Amino acid sequence: MTGAVQESSVVSMRDLARWAAGIDPTSADLELAQRALIDTVTVTLAALDDPVAAWTDGLPAALRWATVGHVLDFDDLHIPSTTHISVVCVPATLAAGGGAREYLAAAGVMARLGSALGWNHYTQGWHSTATVGAIAAAVAAGLSLGLDSDGVATAMAHAVPAAGGVRQAFGTAGKPMQVGFAADAGVRAARLAAAGATADPRAVDEWFRLVGGRNSPQLAGPPIPDGLGLKLHPCCYALQRPITAIRSLGALPIDEIARIRLHTPRSAVLPLIHDYPSTGLEGKFSLNYGIAATLLDGFPDITSFTDTAVQRPEVRSILDRIGLIADPEGDGVLAGNCRVTVEFSDGSQVEAVEELPMGHPRRPASSEDFEAKVRGCVGEERSGEVMTLDWLSAAELLRRCLPGSG
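Residues numbered from 1 in each chain as written. Predicted model: local features only at pLDDT ≥ 70, side-chain atom pairs only at ≥ 80, totals over all residues. Heavy atoms only, no water.

As recorded by an unreviewed UniProt entry, the chain carries the name MmgE/PrpD family protein and is attributed to Rhodococcus tibetensis. Listed in UniProt under the heading Sequence similarities (unreviewed entry), the comment for the chain reads: "Belongs to the PrpD family." (UniProt positions renumbered as here; feature names shortened; annotations may be inferred.)

Describe the overall build of the chain, and please don't skip the residues or the numbers.
Across its full length, the chain holds 18 helices and 4 strands. Here the C-alpha atoms of the chain give a radius of gyration of 21 Å, agreeing with the 22 Å that 2.2 N^0.38 yields for 406 residues. Its C-alpha atoms put the chain at 70 × 45 × 35 Å along the principal axes. Residues classed as buried in the chain amount to 60% of the 406 residues present. A sequence separation of at least 24 residues applies to 78% of the contacts in the chain between residues at least 6 apart. Carbon and sulfur atoms form 51% of the exposed surface of the chain, whose accessible area is close to 15300 Å². Here the chain carries 31 positive and 45 negative side-chain charges, and the mean point of each set is 4 Å from the other. (Helix = DSSP H or I, 4+ residues; strand = E, 2+ residues; numbered from the N terminus. Rg over C-alpha atoms; globule rule 2.2 N^0.38 Å. Buried < 20%, exposed > 50% of the residue type's maximum accessible area, 1.4 Å probe, protein only. Contact = heavy atoms within 4.5 Å. Areas by Shrake-Rupley, 256 points an atom, 1.4 Å probe, with all protein chains shown as cover. Lys, Arg positive; Asp, Glu negative; His and termini not counted. Charge placed at Lys NZ, Arg CZ, Asp CG, Glu CD.)

Residue-level account of the nonpolar core, with values.
Counting residues in hydrophobic clusters, the biggest one holds 96 residues, and the most contacted among them are Tyr 103 and Trp 207. No other element matches helix H6 (residues 100-123), which puts 12 residues into this core. Among all residues touching Trp 207, those that are not within four sequence positions of it are Leu 113, Leu 117, Thr 131, Val 132, Ile 135, Val 160 and Ala 163. Counting 43 residues, the second largest nonpolar core, distinct from the first, contains Phe 170, Tyr 289, Ala 293 and Ala 309. (Core = buried A, V, L, I, M, F, W, Y, C linked by side-chain atoms within 4.5 Å.)

I'd like a description of the layout of surface pockets, backed by residues and values.
Empty space among the atoms becomes visible once a probe the size of a water molecule is rolled across them. Considered as a void within the structure, the largest pocket measures approximately 370 Å³ in volume. Around the largest pocket sit 22 residues that line it, and Asp 50, Pro 51, Leu 72, Leu 281 and Phe 305 are the ones nearest its centre. Looking at the lining of the largest pocket, the elements with two or more residues in it are helix H3 (51-55) and helix H12 (280-283). Class assignment of the residues belonging to the lining of the largest pocket gives a composition of 13 nonpolar, 5 polar and 4 charged. Considered as a void within the structure, the second largest pocket measures approximately 220 Å³ in volume. Sort the elements by how many residues they give to the lining of the second largest pocket and helix H16 (residues 367-378) lands first, with 5 residues. Residue classes in the lining of the second largest pocket are distributed as 7 nonpolar, 1 polar and 4 charged. (1 Å grid on protein atoms, 1.4 Å probe; cavity = no way out; pocket = protein on both sides within 12 Å on 5 of 7 lines; lining within 4 Å. Points joined across faces, edges and corners; volume = space filled by probe spheres on them. Nonpolar A, V, L, I, M, F, W, Y, C, P; charged D, E, K, R; others polar.)

Please give an account of the sheet that holds strand S3 (residues 338-344) that cites residues and values.
The 4 strands are arranged S2-S1-S3-S4 in an open sheet whose pairing can be described as mixed. One side of each edge strand has no neighbouring strand; the edge strands of this open sheet are strand S2 (322-327) and strand S4 (349-354). Going across the sheet, the axis of each strand differs from the next one's by a mean of 15°, ignoring polarity. Summarising the sheet, strand S1 (residues 257-265) and S3 pair through 6 bridges and their orientation is antiparallel. Bridge pairing in S3 places Ile 257 opposite Phe 344. Helix H11 (residues 237-248) contacts S1, S3 and S4 of the sheet and is inclined by roughly 140° relative to S4. Of the strands in this sheet, S1 and S2 are in contact with helix H13 (residues 287-297), which crosses S1 at around 130°. (Pairing = 2+ DSSP bridges. Axes fitted to C-alpha atoms, helices over the stretch in contact; angles between N-to-C directions.)

Could you give an account of the packing of aromatic side chains, naming the residues involved and the relevant values?
Counted under the stated rule, the structure contains 4 aromatic pairs. Centroid distance Tyr 103 to Trp 391: 5.6 Å. Interplanar angle 35°. Geometry classified as tilted. Pair noted here: Tyr 103 is in helix H6 and Trp 391 is in helix H18 (residues 391-401), with a separation of 288 residues, a long-range link. On the basis of relative accessible area, Trp 391 is assigned to the buried category, the value being 11%. (Phe/Tyr/Trp six-rings, centres within 6.5 Å; stacked < 30°, edge-to-face > 60°.)

Lay out the confidence of the model for the chain with the relevant residues and their values.
The share of residues in the chain with pLDDT of 70 or more is 98%, and the mean pLDDT across the chain is 95. Note that residues 1-8 has pLDDT below 50 and, in this model, 17 contacts with residues that lie over four places away or in other chains. (pLDDT = per-residue confidence, 0-100.)

Before we move on, can you summarise the UniProt feature "domain: MmgE/PrpD N-terminal" (unreviewed entry) in the chain with the specific residues and values?
The positions that UniProt labels "domain: MmgE/PrpD N-terminal" (unreviewed entry) are, in the present scheme, residues 59-204. Across residues 59-204, the secondary structure splits into 67% helix and 0% strand, with the terminal C-alpha atoms separated by 26 Å.

Talk me through the UniProt feature "domain: MmgE/PrpD C-terminal" (unreviewed entry) in the chain; I want residue IDs and the actual numbers.
Following the UniProt record, the feature "domain: MmgE/PrpD C-terminal" (unreviewed entry) maps to residues 233-379 here. Its end C-alpha atoms 16 Å apart, residues 233-379 is made of 34% helix and 19% strand.

Which residues make up unusual backbone geometry, and what values go with them?
Despite not being glycine, Thr 82 has its phi angle at roughly 50°, a positive value. Topologically, Thr 82 is positioned in the loop between helix H4 (61-70) and helix H5 (85-95). We classify Thr 82 as buried; its relative accessible area is 10%. The backbone of Asp 226 sits at a positive phi, close to 75°, despite the residue not being glycine. Position of Asp 226 relative to the elements: it lies in the loop between helix H10 (202-210) and H11.

Pulling in residues and values, what's your account of empty space enclosed by the protein?
What the rule picks out here adds up to 4 cavities of 30 Å³ or more. Of the voids in this model, the largest cavity is the one considered here, and its volume is about 110 Å³. Lining the largest cavity are 17 residues, and of these Leu 77, Thr 82, His 84, Tyr 122 and Cys 236 lie nearest its centre. Those elements that provide at least two residues to the lining of the largest cavity are helix H7 (128-144) and H11. Classifying every residue of the lining of the largest cavity by side-chain character gives 9 nonpolar, 5 polar and 3 charged. Within this model, the second largest cavity holds a volume of roughly 50 Å³. Lining of the second largest cavity is provided by Pro 60, Ala 61, Ala 62, Ala 95, Asp 184, Val 187, Arg 191, Ser 405 and Gly 406.

As structure tokens, this is what we get:
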């Protein structure tokens with residue numbers, strides 16, 4: 001069920017709030033929510049030793065959990081909206097005491113707003129996860145706090161001042177911090193609305209127009225239209241497809257490689273802004289390094305994206321052999337195909353073409369792959385606990401591992 005709102009040519013933010021308050025998830029929706037919960041907690045626990053965990057000590061729980069959860073860039077992605085839905089909506093839901101239904105409502109708002117803003121919003125330099133995330137987090141927290149649709153609409157309006165964030169932050173701690181700010185802003189906005197603070201919901205419509213919204217959000221479909229892309233490698237989603245392509249070629253004799261060419265639409269590499277990274281965070285947004293790490297490590301994991309790994313002497317020689325042929329057209333990080341051609345010093349070559357990365361909703365990861373990701377992030381001993389978490393126990397676990405204020 002998509003809610004009690006009649007589909008129309010123009011959907012207001014009040015309509016979207018009513019849709020969120022009225023969703024009735026199916027068993028498939030709840031299964032997706034459960035996987036999102038486990039995946040988000042998993043990648044958060046994997047980053048407990050990252051500096052952002054110390055930097056956010058004492059700050060509000062939603063801010064801390066979302067920031068730490070996103071710093072590895074290992075969390076899921078809603079491809080049509082180019083937004084990391086769960087790392088915003090799961091922390092906001094947990095911090096406000098909610099569960100699967102509240103998460104799904106917020107995720108649906110985030111997916112619909114992000115999709116309506118479209119690829120142009122992203123290409124203009126906005127960090128869609130942060131801009132749309134603040135509004136969605138207000139929905140998650142508002143419903144978790146028991147607000148009705150009018151209260152949720154008011155909470156969304158209170159989140160407008162924080163609905164920002166830019167792509168220039170990619171490759172620095174600023175990127176996960178923007179995500180944390182969005183989650184925290186939504187919780188704060190919902191608490192204000194619950195306390196009686198008034199706001200005009202039309203402020204959200206005005207914000208939507210100002211950040212480039214031209215198409216009305218669509219209310220039809222499941223809570224999360226088109227599902228969520230599960231990452232198997234801890235780096236930007238734009239790297240998942242090139243990594244899949246290189247891996248499909250098997251082990252290659254690196255010393256015999258003369259040149260590597262990647263041919264893809266320009267939009268598919270738009271977030272990859274660091275050609276010669278010097279840190280692990282920059283490496284997560286480097287096409288060249290993603291290819292080099294795959295050649296060197298086989299299956300790039302968390303250890304592949306440390307400062308030490310990026311600074312390996314053998315990396316630079318590989319980076320200098322990589323060339324990009326970017327077609328001007330493209331609309332999204334999975335536009336067209338990704339074709340990788342590896343030429344060897346003897347004149348021979350091998351080639352791979354990929355349309356979708358492993359973990360995409362239409363090329364889903366297996367349950368074994370997902371469990372392997374959990375074990376790789378939290379260790380064998382804790383993986384059993386994490387795989388059986390519910391929304392209450394997940395909140396309790398995060399409060400023990402990453403206590404936050406509020």
